[in-house]
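# Structure at a glance
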Amino acid sequence: AQSVTQLDSQVPVFEEAPVELRCNYSSSVSVYLFWYVQYPNQGLQLLLKYLSGSTLVESINGFEAEFNKSQTSFHLRKPSVHISDTAEYFCAVSVRFGRAGGGNKLTFGTGTQLKVEL
Amino acid sequence: DTAVSQTPKYLVTQMGNDKSIKCEQNLGHDTMYWYKQDSKKFLKIMFSYNNKELIINETVPNRFSPKSPDKAHLNLHINSLELGDSAVYFCASSQSRGPGDTQYFGPGTRLTVL
């Protein structure tokens, strides 16, 4: 079975400061990795995902995450945050080669609340 | 246009009642999901359908019954509601059942059982 650990439940940061949200996963098989963002009172939106290839993936709004297989991590970073980045961020994994017909089951971490302050 | 929509947005009901939540996606996706988000914001998958076929059924009480009349709709019916069913329920869809596919989430239905 897979599991995802997000050690930081809350991360307060000042606007224009850099931020890193940590994500570690555990799996006996290869996984795909995702970061989803949930703005207040909304559903989740995909921020970025790692499937294969370059271990550094970027989103359109300046976030990036790096897949580190040896450390089983997929930390999310942004060099300069904005007030509008205030949201809950979820790291998730899905099994790369699930059993036939197994479907796309996302296993989520417990989320990190990013609070950007002026 | 809303890609994944859910109705109702809020649902307040008494213990023991039966209620349904509806979900529709206009993305042309083949696969749909139901997730439950508890009060601590932990998200857990409940069910997944692919082209009206049930493909994921997690350990969910059989009081919860999903129904997919066509691949654009996945409804969730809950019998004999309990206090512990209070949560936010999210519907999602993806192009296929592939594990790398992006899932698109609806806005959620906040269920409160009194």
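My aim in this report is to walk through the structure given alongside it, one point at a time. (Residues numbered from 1 in each chain as written. Chains lettered and ligands numbered in written order. Predicted model: local features only at pLDDT ≥ 70, side-chain atom pairs only at ≥ 80, totals over all residues. Heavy atoms only, no water.)

What follows covers the overall build of chain A. Helix and strand counts for chain A come out as zero helices and 12 strands. Counting helices and strands in the order they occur from the N terminus, chain A gives β-β-β-β-β-β-β-β-β-β-β-β. By the compact-globule yardstick of 13 Å for 118 residues, chain A fits well, its C-alpha radius of gyration being 14 Å. For the C-alpha atoms alone, the extent of chain A along its principal axes is close to 50 × 30 × 25 Å. Here chain A holds 118 residues, and the buried ones make up 47% of them. Restricting the contact set of chain A to residue pairs at least 6 apart, pairs at least 24 apart contribute 60%. Carbon and sulfur atoms provide 50% of the accessible area of chain A, an area that totals close to 5800 Å². Separation of charge centres in chain A, based on 9 positive and 10 negative side chains, amounts to 15 Å. (Helix = DSSP H or I, 4+ residues; strand = E, 2+ residues; numbered from the N terminus. Rg over C-alpha atoms; globule rule 2.2 N^0.38 Å. Buried < 20%, exposed > 50% of the residue type's maximum accessible area, 1.4 Å probe, protein only. Contact = heavy atoms within 4.5 Å. Areas by Shrake-Rupley, 256 points an atom, 1.4 Å probe, with all protein chains shown as cover. Lys, Arg positive; Asp, Glu negative; His and termini not counted. Charge placed at Lys NZ, Arg CZ, Asp CG, Glu CD.)

We now examine the sheet that holds strand β3 (residues 19–25) of chain B. Residue and element names in this part refer to chain B. Here we have four strands laid out as an open sheet, ordered β1-β3-β8-β7, and antiparallel in their pairing. With one partner strand each, in any of the chains shown, β1 (4–7) and β7 (64–70) form the two edges of the open sheet. Between one strand axis and the next, the sheet turns by 20° as a mean value, whatever way the strands run. Note that β7 and strand β8 (residues 73–78) share five bridges and pair antiparallel. The partner of F64 across the bridge, within β8, is I78. (Pairing = 2+ DSSP bridges. Axes fitted to C-alpha atoms, helices over the stretch in contact; angles between N-to-C directions.)

The interface of chain A with chain B comprises 26 residues on the first partner and 24 residues on the second. Around 1900 Å² of area is buried between chain A and chain B when both sides are counted, 52% of it from carbon and sulfur atoms. Three residues stand out in chain A for area buried against chain B, namely L44, N104 and F108 of chain A, and they jointly supply 29% of the buried area on that side. Linking chain A to chain B there are two salt bridges. Between E58 of chain B and K105 of chain A there is a salt bridge, with its nearest N and O atoms 3.1 Å apart. Secondary-structure elements contributing two or more residues to the side of chain A that touches chain B are β5 (31–38), β6 (44–50) and β10 (87–95) of chain A. Looking at side-chain class alone, the side of chain A that touches chain B contains 10 nonpolar, 12 polar and four charged residues. (Buried area = accessible area lost by both parts, 1.4 Å probe. Salt bridge = Lys/Arg side-chain N within 4 Å of Asp/Glu carboxyl O. Nonpolar A, V, L, I, M, F, W, Y, C, P; charged D, E, K, R; others polar.)

So, about the side chain of D85 of chain B. Looking at the secondary structure, you find D85 of chain B in the loop between β8 and β9 (87–94). Non-local contacts of D85 of chain B, meaning those with residues more than four positions away in its chain, are made with K36, R63, F64, I78, S80, L111 and V113 of chain B.

What follows concerns the packing of aromatic side chains. Each aromatic ring pair is summarised here by two numbers: the centre-to-centre distance and the angle between the ring planes. By the definition in use, this model includes 13 aromatic pairs over all chains. Summarising the aromatic geometry, the rings of F90 of chain A and F108 of chain A are spaced 6.2 Å apart at their centres and angled 90° between planes, so their arrangement reads as edge-to-face. Here F90 of chain A is found in strand β10, whereas its partner F108 of chain A is found in strand β11 (residues 107–108), with 18 residues between them in sequence. Across the pair, exposure class does not vary: F90 of chain A and F108 of chain A are buried alike. Among the aromatic residues, ring-to-ring pairing joins F34, Y36, F90 and F108 of chain A together with Y33, Y35, F90 and F105 of chain B into one connected group. (Phe/Tyr/Trp six-rings, centres within 6.5 Å; stacked < 30°, edge-to-face > 60°.)

Turning to unusual backbone geometry, a few remarks are in order. The amide bond that connects T7 of chain B to the next residue, P8 of chain B, takes the cis arrangement and shows omega of -5°. Examined against the element boundaries, P8 of chain B turns out to sit in the loop between β1 and β2 (10–13). Look at E16 of chain A: it is not a glycine, yet its phi comes out positive at around 75°. Within the secondary structure, E16 of chain A sits in the loop between β2 (10–14) and β3 (19–21). The phi torsion at N41 of chain A lies on the positive side, around 60°, for a residue other than glycine. Among the structural elements, N41 of chain A can be located in the loop between β5 and β6.

Turning our attention to the pairing of β3 of chain B. Residues and elements named next belong to chain B. Note: β1 against β3, four bridges, orientation antiparallel. Residue pairing in the sheet places V4 in a bridge with Q25 of β3. Bridging between β3 and β8 involves four bridges; their strand directions are antiparallel. Paired with E24 across the bridge in β8 is H73.

The subject of this paragraph is the environment of L48 of chain A. All names here are of chain A. The residue L48 is located in strand β6 in this model. Considered as a pair, L48 and W35 are 13 residues apart in the sequence and their alpha carbons are 5.5 Å apart. Ignoring anything within four residues of it in the chain, the contact list for L48 reads L33, F34, W35, V57, E58, S59, F63, E64, A65, F74 and L76.

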